[in-house]
Protein chains: 6
Amino acid sequence: MIESRETVALFPASFDPPTNGHLDVARRALQIFDRLVLAVAVNLEKQGTFTSEERLDMLRAEFGEEPRVEVTAFQGLTVDFARERGARVIIRGVRAMSDFEYEFEMALMNKRLYQEVETVFMLPSQEYMFVSSSRLKELVQFGRDVEEFVPAAVAKRLRERFSR
Amino acid sequence: MIESRETVALFPASFDPPTNGHLDVARRALQIFDRLVLAVAVNLEKQGTFTSEERLDMLRAEFGEEPRVEVTAFQGLTVDFARERGARVIIRGVRAMSDFEYEFEMALMNKRLYQEVETVFMLPSQEYMFVSSSRLKELVQFGRDVEEFVPAAVAKRLRERFSR
Amino acid sequence: MIESRETVALFPASFDPPTNGHLDVARRALQIFDRLVLAVAVNLEKQGTFTSEERLDMLRAEFGEEPRVEVTAFQGLTVDFARERGARVIIRGVRAMSDFEYEFEMALMNKRLYQEVETVFMLPSQEYMFVSSSRLKELVQFGRDVEEFVPAAVAKRLRERFSR
Amino acid sequence: MIESRETVALFPASFDPPTNGHLDVARRALQIFDRLVLAVAVNLEKQGTFTSEERLDMLRAEFGEEPRVEVTAFQGLTVDFARERGARVIIRGVRAMSDFEYEFEMALMNKRLYQEVETVFMLPSQEYMFVSSSRLKELVQFGRDVEEFVPAAVAKRLRERFSR
Amino acid sequence: MIESRETVALFPASFDPPTNGHLDVARRALQIFDRLVLAVAVNLEKQGTFTSEERLDMLRAEFGEEPRVEVTAFQGLTVDFARERGARVIIRGVRAMSDFEYEFEMALMNKRLYQEVETVFMLPSQEYMFVSSSRLKELVQFGRDVEEFVPAAVAKRLRERFSR
Amino acid sequence: MIESRETVALFPASFDPPTNGHLDVARRALQIFDRLVLAVAVNLEKQGTFTSEERLDMLRAEFGEEPRVEVTAFQGLTVDFARERGARVIIRGVRAMSDFEYEFEMALMNKRLYQEVETVFMLPSQEYMFVSSSRLKELVQFGRDVEEFVPAAVAKRLRERFSR
């Protein structure tokens, strides 16, 4: 029965803000999995640049019309949220070598905590491979335009945030 | 239409011989993709330990009964074979950090050659993470038992090959 | 004279808290060196999860009965403490690649500061290789059981600390 | 009983030829372990620059007078030879990051094959950290002097070998 | 026209304080480029050990007499400052592997922001390769002498700062 | 006297064949150094895809008109050739992390062999970062077009070579 094989993939990240790299990985994931949960990982102890609600807005502006995508936020362990949503896959975008070690460790721990979930690593397009949210904020702070690296609406929010 | 979303994943490797690490990745892939093509990559310039036919036999012994798995061999570029088989996903198992750099490079090249295919990286279980085909052959040559790392039938073939 | 060859090994770490990985390295070190000094590295500028005294208690609960082990705390440079204790060996457990670069740098500096001391790197068992103190605290905070990764007494203390 | 704690360390390498880096690690090991077995790993399938006998000669020239050192050769698995010699420690010198990944993998496999043996990693002095046997041969082939990197007797043998 | 080929190189760093490693890279850069701008990168959000003015003093004490060197400070993006100064080259000293990943990412971003500038990576002498400003401060705090790693005047300032 | 500061840079590589990545690094080097020596490193023990003469032809086709570039071949140690040509700089293009370790080691050895020469590392454009000569040959062998990655004349030669 093919329905039983429908695969839900969870893509958890801080998305503070979402970059073209994130969006690219999400779109690629949507090509190969049946459903995609874009989940803002909320860290109560660390204040971000944008609130969870703002991050959700930015993600919804990109994926709100896509019926196979759910945009949401979560606290707690990623594996627990994966289980709650029935996700058999956790997607991690790896930008460059430095990311991988940490990801590797987390994937092994997650596999131990929840046998039924698989972590799969995906690469963004080469042009986004060296772009991170924190670098983008730095650029905006120094008056640079970042529309090349984020959606126009995100660029606008970054400018507003850092010109204040 | 759900049929259009059926995802075929190609898992290309030399499988010379298949190890528990390979089989573990294949089984995990089968949990999250609709169909799996296990493909022995044939390299005409480099003679392996086992012939393509032997490698196919060993894979079929493990997956021959599984209707969603195809066991086959191919020459040429992986992306060309992916396209031929209608695979939207290329699976690569990463054993440890050292593998990743090469894989990364190949994935980017493949994306450039064939935009519609995604390479996804999966981890074997931790217990298989440091086990390679070449190390296993070394163990067998020195009289060690390797049933812990490969299926019993593969262990038998390895013993036969290296006791000759 | 065999006495003159007795080798004292210093195993310095923050042990905040000690994990099974730490204990595993310590037990292995005890198999190959004559005496072992387990030393809680006290960092006055950074408050940990547990006090030095609590960390010492947790270590003593595991090694208090072993006559060849001393459990202690120190401030200052590791090499100075090694010299003070007559330790010819500094043991460092390396969990994964990411640790090694930093360790490498520190070992070279230590060799320069104190020629007579050798840093040796040891691996924990594979099952503890991807387990860190900070990850464990995260698990406990989200209600997970960590008895698989630390002694029962340590798990209890972690639960008490993070349920407060 | 102190005798039961005598620790034999095995330092296996191809030593083709021994460099100052090898000798440095060996001397450091001798400071912290009771006995040291310097063992030329013989690979029947790969012809080296020097014969096993020549390599043993070069090692004996350096350590022949040291009663706590045995210079020998072996074929087969390192762990089997460690067991045969009663060595509880396998020493590996790590020259730079690139070595470590392979060593890591081998150490984990060795631990699995023979629980009682520990692999410890040691660093050569910083000045020898970027010196390898193969690079030295290249230098000699192009007429460079390498006495800075190997004992005088080894330099002489290298010159003889490559001027022929 | 040879003047048009005069190459200005910018060496930006926090220099908090300058170490022998920094000075070594700067002197090497001066051998191969026509002019050198040593630029203290001022980070308003993070208080350093020394003020910008103190860092400039320490650099001037070393390079003040050299007509081809300018010692200065800047805020903002390195590429913007490079453009302002007419620098076609940004020099980065890489101490060890760990630095490189971050540097790589920054160099690619900089190339994207300002096509005319090239980032070149240079190595300090092997003896300074494992020496960082932060490690040196740690040594001084614990009463160690660091004159081996920094100019005497810098060592004096470090002692004054940390004995207060 | 500005003439005395003219900097000659040596860019040694096997160039078998030259790729757009090589050419890109060479052009960037020409922006920042006064003269550039493009030098085919001849390895008598290893037969390449193209002869030295063919590689020189391919380089000359790209740089033959540029008065500040010399295209040549050499045997022996790079530092010896640098000295012979009066080059104060050796340029190495680093494609990705994996290259760097080896380059690092070679640069340190070269600095030891010839104090007056500096190795500088440069990055190719991001689009060429994951392209290697060996991968390109593989593509051509399987009938792929590689004009995206090499000059048209090089692509033609590759096709001729591998269709034979």
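Higher on the page you've got the structure.
For every chain, the first residue of the written sequence is number 1, and numbering continues from 1 along that sequence. Chain letters and ligand numbers both follow the written order, the letters beginning at A and the numbers at 1. Per-residue local features of the predicted model are confined to residues with pLDDT of at least 70, and side-chain atom pairs are confined, for both listing and counting, to 80 or more; whole-chain, interface and lining totals are unaffected and use all residues. To obtain the side-chain values, all non-hydrogen atoms of the structure were included, while hydrogens and water were left out.

Considering the nonpolar core
Alright, step 1. Ranked by size, the top nonpolar core spans 48 residues in total, and within it Leu 123 of chain A, Leu 123 of chain B, Leu 123 of chain C, Leu 123 of chain D, Leu 123 of chain E together with Leu 123 of chain F carry the most contacts.
Alright, step 2. Put simply, DSSP H or I for four residues or longer makes a helix, DSSP E for two residues or longer makes a strand, and each gets a number counted from the N terminus. Looking at this core, the elements that each hand over two or more residues are helix 4 (97-113) of chain A, helix 4 (97-113) of chain B, helix 4 (97-113) of chain C, helix 4 (97-113) of chain D, helix 4 (97-113) of chain E together with helix 4 (97-113) of chain F.
Alright, step 3. Residues are treated as being in contact if the distance between any of their heavy atoms lies within 4.5 Å. In contact with Leu 123 of chain C, not counting residues within four places along its chain, are Val 25, Arg 28, Val 94 and Met 129 of chain C together with Phe 104, Ala 107, Leu 108, Lys 111 and Phe 121 of chain D. The definition of a nonpolar core used throughout is a set of buried Ala, Val, Leu, Ile, Met, Phe, Trp, Tyr and Cys residues joined through side-chain atoms within 4.5 Å. Buried, partly exposed and exposed residues are distinguished by accessible area as a fraction of the type maximum, computed with a 1.4 Å probe on protein chains only: under 20%, between the cut-offs, and over 50%, respectively.

Digging into unusual backbone geometry
Alright, step 1. Cis rather than trans, the peptide bond between Asp 16 of chain A and Pro 17 of chain A has omega equal to 5°.
Alright, step 2. Its location among the elements puts Pro 17 of chain A in the loop between strand 1 (8-13) and helix 1 (20-32).
Alright, step 3. A positive phi is found at Phe 15 of chain D, a non-glycine position, where the angle reads about 45°.
Alright, step 4. Structurally, Phe 15 of chain D is set in the loop between strand 1 (8-13) and helix 1 (20-32).

Notes on the side chain of Arg 144 of chain E
Alright, step 1. Within the element layout of this structure, Arg 144 of chain E appears in the loop between helix 5 (133-141) and helix 6 (152-163).
Alright, step 2. When sequence neighbours within four positions are dropped, the list of residues in contact with Arg 144 of chain E reads Leu 77, Val 79, Asp 80, Arg 83 and Leu 113 of chain C together with Leu 139 of chain E.

Looking at the sheet that holds strand 1 (residues 8-13) of chain F
Alright, step 1. As summarised here, the arrangement of the 10 strands in space is 3(E)-2(E)-1(E)-4(E)-5(E)-5(F)-4(F)-1(F)-2(F)-3(F), forming an open sheet in which the pairing is mixed. A single partner strand is all that each edge strand has here, and the edge strands are strand 3 (69-74) of chain E together with strand 3 (69-74) of chain F. Across the sheet, the mean angle from the axis of one strand to that of its neighbour is 30°, orientation sign disregarded.
Alright, step 2. Angles run from 0 to 180 degrees between N-to-C directions of axes, and those axes are lines fitted to C-alpha atoms, restricted for helices to the stretch in contact. Helix 3 (residues 78-85) of chain E contacts strand 1 (8-13), strand 2 (35-41), strand 3 and strand 4 (89-93) of chain E of the sheet and is inclined by roughly 140° relative to strand 3 of chain E. Only strands joined by at least two bridges in the DSSP assignment are considered to pair.

Quick word on the pattern of salt bridges
All names here are of chain A.
Alright, step 1. The term salt bridge refers to a pairing of a side-chain nitrogen on Lys or Arg with a carboxyl oxygen on Asp or Glu at a separation within 4 Å. Taken as a whole, this structure holds 112 salt bridges over all chains when the rule is applied.
Alright, step 2. The salt bridge partner of Glu 70 is Arg 85, with a shortest N-O separation of 2.8 Å. Of this pair, Glu 70 sits in strand 3 (residues 69-74) while Arg 85 sits in helix 3 (residues 78-85), and the two are 15 residues apart along the sequence.
Alright, step 3. Given the relative accessible area of 28%, Arg 85 is considered partly exposed.
Alright, step 4. For Glu 147, the salt bridge goes to Arg 159, with nearest N and O atoms at 3.5 Å. One end of the pair, Glu 147, is in the loop between helix 5 (133-141) and helix 6 (152-163); the other, Arg 159, is in helix 6, and 12 residues separate them in sequence.

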